[in-house]
Each structure stands twice: as C-alpha cells, then as structure tokens.
Amino acid sequence: MPSALFVLVLLAALCSLGCAMSQEEKHKLRTQVVEMFDHAYQNYMDHAYPADELMPLTCRGRVRGLEPSRGDVDDALGKFSLTLIDTLDTLVLLNKTTEFEAAVRRVLADVRLDNDIVVSVFETNIRVLGGLLGGHSMAVMLKEEGQHMQWYQDELLHMAKDLGFRLLPAFNTSSGLPYPRVNLKYGVRGPETRTGTETDTCTACAGTIILEFAALSRFSGDPIFEAHARRALDFLWEKRQRNSNLVGTTINIHSGEWVRRDSGVGAGIDSYYEYLLKAYVLLGDDQFLQRFNIHYASIMKYISQPPLLLDVHIHKPLLPARTWMDSLLAFFPGLQVLKGDIRPAIETHEMLYQVTKKHNFLPEAFTTDFRVHWAQHPLRPEFAESTYFLYKATGDPYYLEAGRTILDNLNRFARVPCGFAAMKDVRTGSHEDRMDSFFLAEMFKYLFLLFADVEDLPFDVEDYVFTTEAHLLPLSLSTVALSLSSVPSNRTIPQTEEELDDSNFDWTCPNTRLLFPDPAFPRNLREPIRSVVDKSCPRPAPYREPGMGAPPLRAQDFMANNPEHLELLKRMGVSLIHLKDGRVQLVQHATQAVSPIAAEDGIRFMQEMMELSSQQQKEQLPPRAIQIVSHPFFGRVVLTAGPAQFGTDLSKSSTGVRGFVTVAEPYTGCSEITNSEYVRGHIALLQRGQCMFAEKARHIQKAGAIGGVVVDDNEGSSSDTAPLFQMAGDGRSTEDITLPLLFLFHKEGNILLEALKEYREVEVLLSDKARDRGADVVHEAEKGCQTEATTPTSFAPVSQSQPNTAESDKSEAVSSQESPDTSPARDVNPTASSDPVKDEPEKKVAPKNDADSNSQSVDEMLADWREDLEAFRQMEKDEL
C-alpha cells in the first residue's frame, strides 16, 4: 500500500509539471476547430458574401457606405469580398481543398479591384494582397500535386499584381514612406481621389510591406514592388533614434519627423519589428537581421520589464510613456520564439494567459496591475499565435491547455447563431456586430496547427513563412534573383563597425533541448507570474477633498433639477448649459458671481467637479448585461446596459434577475401602468424621457414588475459611440425601489424590441455580466476585484485663460430626461424599428401561471437552464 501511494504521488507530481495530452483529446480539439471555422465561414458565405465582412448579430454583410461609419476601422473595407480573399489559404490548411477551388473561382468571377473607394494601404496590403498571394501559393502547390486546380493559370497572381500597381501611387513621396490611404481607382493625387492630404502614418503601416511586395516581385518578376518596400524600410531605419535605437509610433511621411515619440511593441509599431526578422527568413538578406537585432537589444533593455512590455519615450527610454499595454503586443512572444529568446517569451505569454483567464479574453488594453483599460475584444488572434509558436518550441502540453481555453471561451462567450461576434465589453460579455476577416485568416490557422499532427497537414508548414495576417509565402522565393536598381534607395552612409560586428548578433536559433534540460523549467518561470496577476488588484484611491474650506454646495451633492442648487450655482457665477446630446455643461465666469468669496466658492466647486469626474472615471461601475436566453438565442446575444444608482445592485446578485419582457403602457412609464396584468411578474420595457428614471421604476414596481429596461429615445444612439452612465435618482430617497433598472441605448434597445416583435415571448437575464452560455445552471458570478474601465470623461479641465468648464454625466443622468428630443439623430440600423410604440400590441406577453416569477424556485431555474442547453445542443446538431 505505501508503495502504491508513492506511485500515485509521483504521478500527481509529474502531471503538475504538464501531462501530455492524449492523441484522442488532440483529435477532438482539432475537429472542434474545424467545426468552428465551418460555422464562421459558412455564415459569411450564406449571409454576407460578396460583402467584405459578416455582421453576425444581424446576420447580414457589412457594406461600406450602407452602414454607419466606424472611422478608420472601415478603411479595411474596399468592396472586394475581403473575408473570402483573407480566408483562401486557411481553407487549404484545414484540408478543405474543394471549398478552396470553389472560393478561387468566386474571387475570379466576382471580385473587382478598380472600385472608386479609399482604403488603408496597410490593411489592403496584409489582408487582400497577402490573401491573393497566399491563395496563389496554395493553388500552385495543389496544381503541382496533380489532383486539384489543374485549370489554374496564375489568375490570383495577376489580380495581386493589378492590386500592387493600384497601391504603388501611395509610395510617391520624397521619403518613400507610403501615404496611409489610397483610392483604388484614382490613386492619391487629384480631387477625385478624396485622399493624399495626410501627412502622418504609423511605423507599422509603412514598415509592414516588405513580405507581400517582395513576394509579388519574385512571383511576377517585376522588381518595382520590392524596391519600394525596401526604400520605405531604409527610411525608417535611418530615422530611428540613434541613442536608444528605438522608433516612434507615428512619423511624418514627408519630413521624417516623429509625430508620436512613444515606442513599444504593440499597436502602431508591432509588425515593423516582425517584418524585419521575417524578411530575413524569407529573403535571406542579412541586413534585415542586423537591423532587427539592434532594435531587439534596445527593446529588451528599455521596453521589456518581464513579464511586462511598457512603452517608453524614444529620446528618454528610461521614462515610461504609459502605464497600460494593448492587446496587439500579444504577438511578441511568438516573435521571440522565432528569434530564439524563449525565456522572456514564456514569461510574457504567461502574463497574457493569466489576464485572459481573468477576463475570458484579452481586453483591448489593460493596466500594469492587469485591470481593464479598454474593454473591447475584436477576436484578435495574436495570443493564439504566440501559444502555437511556444508549443512548437517547447513541446510543453501546458500550451495545448492554453489553446483549449481559447477554444472554450470563443464557444462560450463569442459564438452566436450567425458566426462569432466581437466582444464589446469583456467584463459583461456584451457583443459587437462585427466579425473581422482576420478571425478566419489567422485564428483558425494557429489553433488548427496547435492541435494538428504532421499527418493532419496537407503540406509542410516549415516550407513557408507566416505574414502578419498569417498568409503563407514559400521560402523558395529567396532563390529568385531580382535587380532592384529601378527605385532610388534611402541608404546613405555605411553603418558603423559596431553595428556590423557579428558578435552582436545571434545568427542561429538555439536548441531548445539545451535551454530546458529540466522539464520543470518553463513551469518555474510561469509560477511567480501567475501569483503576481492573481494578487494584483488594488482598490481605487479614496476620494480626497480638493482645496480648503467648505463651499456652500459640494459637487457630489449637486442635482441639476434642484432649483436651490441652480440658484447657488448662479450666485457662484456658474451657469448650466444643456447640450444637444443630452448632457449638461457647467461654465464658470468669476465676474458674474455675487461676490469675490462666492467666485472663490465657484472655482472650488468647478475643481471638485473635475476631481469628481476623474474619480468617477477610476471608480466607474462596470456596465451591466442584458442576456437574451430564450429561443432561438439561448444566451448568445448580450446587450451592454447602464446601471442605476438605486434599486437592486446586480453586482451583488449571484443569479441576476430573469424573466419575460413586456412593453409597459404608457411606454414612457411616467404615469400609472395600465397593462399591469401583463407587466406583473415580468421585466418591463420603457422609453426614456418625460420624467425621472426613479419615477418610471416606481410605476412598474407598483404594477408588479420584477425589473425594468429603459430604452433611449435618441434614434441611432449606441454604446459604440456614447459612454454609458448611471441612471440617477430624483433627489429624494430611493430606498423604496427594490427592483433592478437598466438602461439601453437606442441601437441595443431595438435589438431587444425586434426580438420581441418577431418571437413575442422573449426571456432575458439582467445581471452584472453574461452567464456561461454552455452551462446547465447560472453559475455564481466570479468574485474578484473590480476591473477598471476607462471611458471618456465628461469633465474637461480648461486653461486659466478660459472660463472654467465642466460637462457632467452625473448631471446628464439626472436632468437629461427633461429635454429628451434635443440629441441629434444618428444613422439607424435599417433592420431596427423606428417606432417602437407602434408595435406595443404585438409585444404584449400573456402572464404565466406562476404570476410572481421572482419567487421562482432554484429547481425551476435549473430546469429552465437545462432546457435551454438541450435546445442549443439540438440547434448545433442541426447546423452540423
């Protein structure tokens, strides 16, 4: 018995170091990756093609110009079926040869590249040109094998060359750095181009061209593309800061002056470093490796603070530029693997993994104490990329488990009936109607490779280099000779002897077996980092009173609808202005105060307001979630909602409040509810405006509602474009309000109204964050420290020469109901109802037998969730 016990203990110890995943389990996960890809790809083809991208919440294509503008994000869209082109080589890697052949035929038949549209040079290069070249590489490979693509005559390459020439006008600058945008039909010169006036571009935008352009030159035999890409890289190299050997984030394309002098390895710079090293791998030019190694030494000296990677100033590299990191730096551990520097790769990856486990996904940005800084997550693949490369370098099964976590979270939180939806807020699990093309181009490639064995792959990936968009370019291109004298070079004086000293460089990747003779070594690196992330969640600093003395009115007590408060403001020289978007702006003119003392009180009040705004920004309550759990949604659609300062605090509820939705009459909820027989035991839908939020809550509570949802009356408003706020009380005690009340902007509210219109019986869960879509029960909300949200503050400090000004979300939350029609209308989702009141009769829901669903037993709740799960499983079977 003792010896048996010893064996069990030994096995447990070995497993703690990382048990190998069984072949059966790897096969199961590999099959799951393929099923997920099919779900995303087929929904794009069924509901979106030939549009550039799929909108997975509304099951339609995103066509530029027909949807409200998203700013620079839309520059990736060029009406060229972006997602299909970006996915071509993924189809081959996943052994979908027949689908690949059909996709190529579609591209050749349907896609036009001469559209009168302004696109991003960077995005078009890595996604479209890279996609065409990756597709061409796969087509040539399959044709040579003799079974598929026998009809192929380099048509994709001809399209790629056509696109390359359409991008070339952007490089017509004195520096050789490209303009950030180009018109596919007219170039960059002339009024018809609607571009060419920009002066700045990001370092990555100018420095992430060489792989695609060099491949195009070597495939086609025309050196002009590679020459232009090399010239841009030469210029960036010449403009590096010579003391720190770092580059800034944004540069003037004409003068070469750095516009933004912060330097890191994330957004704005990331793929510049990646392409220096990969250009050496693809082209075999030692110059690229020399430059990369010089940059890398500076990165590890100044930016790397294991496990963190923090931006610094290029002229003062010991001075941090910010205290947060963006999610794009998650690619860097994978690049360090390619460089052969495994130890810091393990450390940074583990930090990212722990942040992922804390928030389910990597937030778009997070602080040095691992709290949320920007809460979005557009299904970025960089963390999966680094996970794959670390597994390939170490063989540690720990990274297979990290890949399993990525798969599980995508299925639990991002999967919707029409694909996978980006996360609008990782804290609540709310969605954005967006599925970027890179999700299909990159995510599924790396996850499939992670779980695949050699025999599962249709070709040897070691013969290819991955671009930053994970497109596959053959290493055989290094053997193609080109004359690059057609474009003048930016290279000037030869580099110093110190820069060319071979002893400064690692010319080979180290043998990982020599690095890790002890199989526990990677685990020993990870363990302390896990502890740091787990223990790091400091409480926000307590509010500190600014100034001295006690003014007659404190900022935290101010109520915009209180006449006495307004009179006090007037005496202090503070005037109140109602803005068109519903907010309230406070402006102070000392000369209008009744006395110098009152003017000082006014200044102190404004200082308090700005301090209060700053404090509210730090202590901003995370938004709440409204999760549609009834058929056919089954928890897959989550709407971002604003909380109230009164009623049930959903953050303290382990189950939230679940019930069927019905529209209150009157819809404003500003008088006694007339359809109380339908509202009783249900969650009431209300329209914003005409009275205070607390008054609406009291009316529906009196009618027997178990919760309420207030929908904004500003057409087109959305949490995408406007910051959420807390609904305030009405200036008197709100302790009598015991139900939860949440706020939805117009766009999100219409999703709920449309669901109610179509399905009549719609059940939702009001909670602090979305519950697990795949669980049998509602799990207790995970306890831990509150993440920090950085939302646009509504108070803006002004210079001494200007009047003191503050805009108050607190004031807006209290008083904007008084002027509900002053906000400007925005573009409205074409599928949304613009007159929700008109649809009220259709939205009435007959009361259930159990009139008080708030007293629903735990057993009944468990049964409901089991039914939802069973129905969802059946739906998945139907899809498969």
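Everything numeric in this text was worked out from a predicted model, so none of it was measured. (Residues numbered from 1 in each chain as written. Predicted model: local features only at pLDDT ≥ 70, side-chain atom pairs only at ≥ 80, totals over all residues. Heavy atoms only, no water.)

(A) Just the overall build of the protein chain, in detail. Broken down by element type, the protein chain carries 27 helices and 30 strands. Counting all 880 residues of the protein chain, 60% fall into the buried class. Partitioning the contacts of the protein chain with sequence separation of at least 6, the portion at a separation of at least 24 is 73%. Summed over its atoms, the accessible surface of the protein chain is roughly 35400 Å², and 51% of this surface lies on carbon and sulfur atoms. (Helix = DSSP H or I, 4+ residues; strand = E, 2+ residues; numbered from the N terminus. Buried < 20%, exposed > 50% of the residue type's maximum accessible area, 1.4 Å probe, protein only. Contact = heavy atoms within 4.5 Å. Areas by Shrake-Rupley, 256 points an atom, 1.4 Å probe, with all protein chains shown as cover.)

(B) Local environment of the pattern of salt bridges. Overall, the coordinates contain 42 salt bridges when judged by the stated rule. Of the charged contacts, one joins Asp326 and Arg322 as a salt bridge, the two residues approaching to 3.1 Å between their closest N and O atoms. Residue Asp326 is classed as buried on the basis of its relative accessible area, which comes to 5%. Glu462 is the salt-bridge partner of Lys392, the closest N and O atoms lying 2.5 Å from each other. On the criterion of sequence distance, the pair formed by Lys392 in helix H14 (residues 382–394) and Glu462 in the loop between helix H16 (437–451) and strand E19 (464–466) is long-range, its members being 70 residues apart. Judged by its relative accessible area of 40%, Lys392 is partly exposed. (Salt bridge = Lys/Arg side-chain N within 4 Å of Asp/Glu carboxyl O.)

(C) View of the sheet that holds strand E14 (residues 372–374). Pairing in this open sheet of three strands is antiparallel, and the strands run E12-E13-E14 from one edge to the other. Looking at strand neighbours, the two that pair on one side only are strand E12 (324–326) and E14, the edges of this open sheet. Going across the sheet, the axis of each strand differs from the next one's by a mean of 30°, ignoring polarity. Pairing between strand E13 (residues 365–367) and E14: two bridges, direction antiparallel. What sits directly across from Ala365, in E14, is Trp374. (Pairing = 2+ DSSP bridges. Axes fitted to C-alpha atoms, helices over the stretch in contact; angles between N-to-C directions.)

(D) Region of the structure containing the environment of Gly221. Looking at where Gly221 falls in the secondary structure, it is placed in the loop between helix H8 (210–220) and helix H9 (224–238). Under the relative-accessibility criterion, Gly221 is labelled partly exposed at 49%. When the C-alpha positions of Gly221 and Leu482 are compared, they lie 7.3 Å apart, and in sequence the two are 261 residues distant. Filtering out sequence-adjacent residues up to four positions away, Gly221 remains in contact with Leu216 and Leu482.

(E) Structural detail: the confidence of the model for the protein chain. Across the protein chain, the average pLDDT comes to 81, with 76% of residues at 70 or higher. The low-confidence segment residues 1–17, where pLDDT is below 50, has four contacts with residues more than four positions distant or belonging to other chains. A low-confidence stretch, residues 492–505 (pLDDT under 50), is modelled with 15 contacts involving residues beyond four sequence positions or located in other chains. (pLDDT = per-residue confidence, 0-100.)

(F) Up close: the nonpolar core. One finds Phe100, Tyr273, Leu410 and Phe420 to be the most contacted residues of the largest nonpolar core, which totals 171 residues. The element contributing the most residues to this core is helix H5 (residues 121–145), with eleven residues. Listed in part, the 25 residues of the second largest apolar core include Leu639, Leu685, Leu752 and Val764. (Core = buried A, V, L, I, M, F, W, Y, C linked by side-chain atoms within 4.5 Å.)

(G) Structural detail: empty space enclosed by the protein. Throughout the structure, instances matching the rule amount to six cavities of 30 Å³ or more. Estimates place the volume of the largest cavity at around 160 Å³. Taken together, 17 residues make up the lining of the largest cavity; nearest its centre are Phe361, Leu362, His377, Arg380 and Phe383. Of all elements in the fold, only H14 and helix H15 (398–414) reach the threshold of two or more residues within the lining of the largest cavity. With four residues, the top contributor of residues to the lining of the largest cavity is H15. (1 Å grid on protein atoms, 1.4 Å probe; cavity = no way out; pocket = protein on both sides within 12 Å on 5 of 7 lines; lining within 4 Å. Points joined across faces, edges and corners; volume = space filled by probe spheres on them.)

(H) The side chain of Asp326, seen in detail. Here Asp326 is to be found in strand E12. Here the side chain of Asp326 touches Ala267 through a polar contact of 3.2 Å, landing on its backbone nitrogen. Polar side-chain contacts of Asp326 include one of 3.0 Å to the backbone nitrogen of Leu328. Ignoring sequence-local partners within four residues, the contact set of Asp326 consists of Gly266, Ala267, Glu364 and Ala365. (Polar contact = N/O pair within 3.5 Å; in protein donor to acceptor, adjacent residues only side chain to side chain.)

(I) Representation of the sheet that holds strand E24 (residues 637–641) within the structure. Spatial strand order, E24-E23-E29-E25-E26-E27-E28: seven strands in an open sheet with mixed pairing. Since the sheet does not close on itself, it has two edges, and those belong to E24 and strand E28 (741–744), each with one partner. Across the sheet, the mean angle from the axis of one strand to that of its neighbour is 35°, orientation sign disregarded. Pairing analysis gives four bridges linking strand E23 (residues 624–628) to strand E29 (residues 763–767), with the strands arranged antiparallel.

(J) Here's a closer look at the packing of helix H10 (residues 270–283) against helix H12 (residues 332–339). The geometry of H10 relative to H12 is characterised by a closest axis approach of 11 Å and an angle of 25° between their N-to-C directions. As judged from the angle between their axes, H10 and H12 are roughly parallel. The chirality of how H10 crosses H12 is left-handed. Each of Tyr273, Glu274, Leu277 and Lys278 in H10 lies in contact with H12, whose residues at this interface are Leu335, Leu338 and Lys339. Residues that form the contact of H10 with H12 fall into these classes: four nonpolar, no polar and three charged. (Parallel < 35°, antiparallel > 145°, perpendicular 65-115°, else oblique. Left-handed = near helix turned anticlockwise from the far one by under 90°. Nonpolar A, V, L, I, M, F, W, Y, C, P; charged D, E, K, R; others polar.)

(K) Structural detail: the state of the cysteines. Taken as a whole and assessed by the stated rule, the structure comprises three disulfides. Each sulfur of the disulfide joining Cys202 and Cys205 lies 2.1 Å from the other. Residues Cys202 and Cys205 are joined through a disulfide that is right-handed, its torsion about the S-S bond being 90°. A relative accessible area of 18% means that Cys205 is categorised as buried. One disulfide bridge connects Cys670 with Cys691, the sulfur atoms lying 2.1 Å from each other. With the S-S bond torsion at -85°, the cross-link from Cys670 to Cys691 turns out left-handed. In this pair, Cys670 is assigned in the loop between strand E25 (657–663) and helix H22 (676–679) and Cys691 in the loop between strand E26 (683–687) and helix H23 (693–702), connecting sequence segments 21 residues apart. Cys691 shares its class with Cys670; the two are buried. (Disulfide = S-S within 2.5 Å.)

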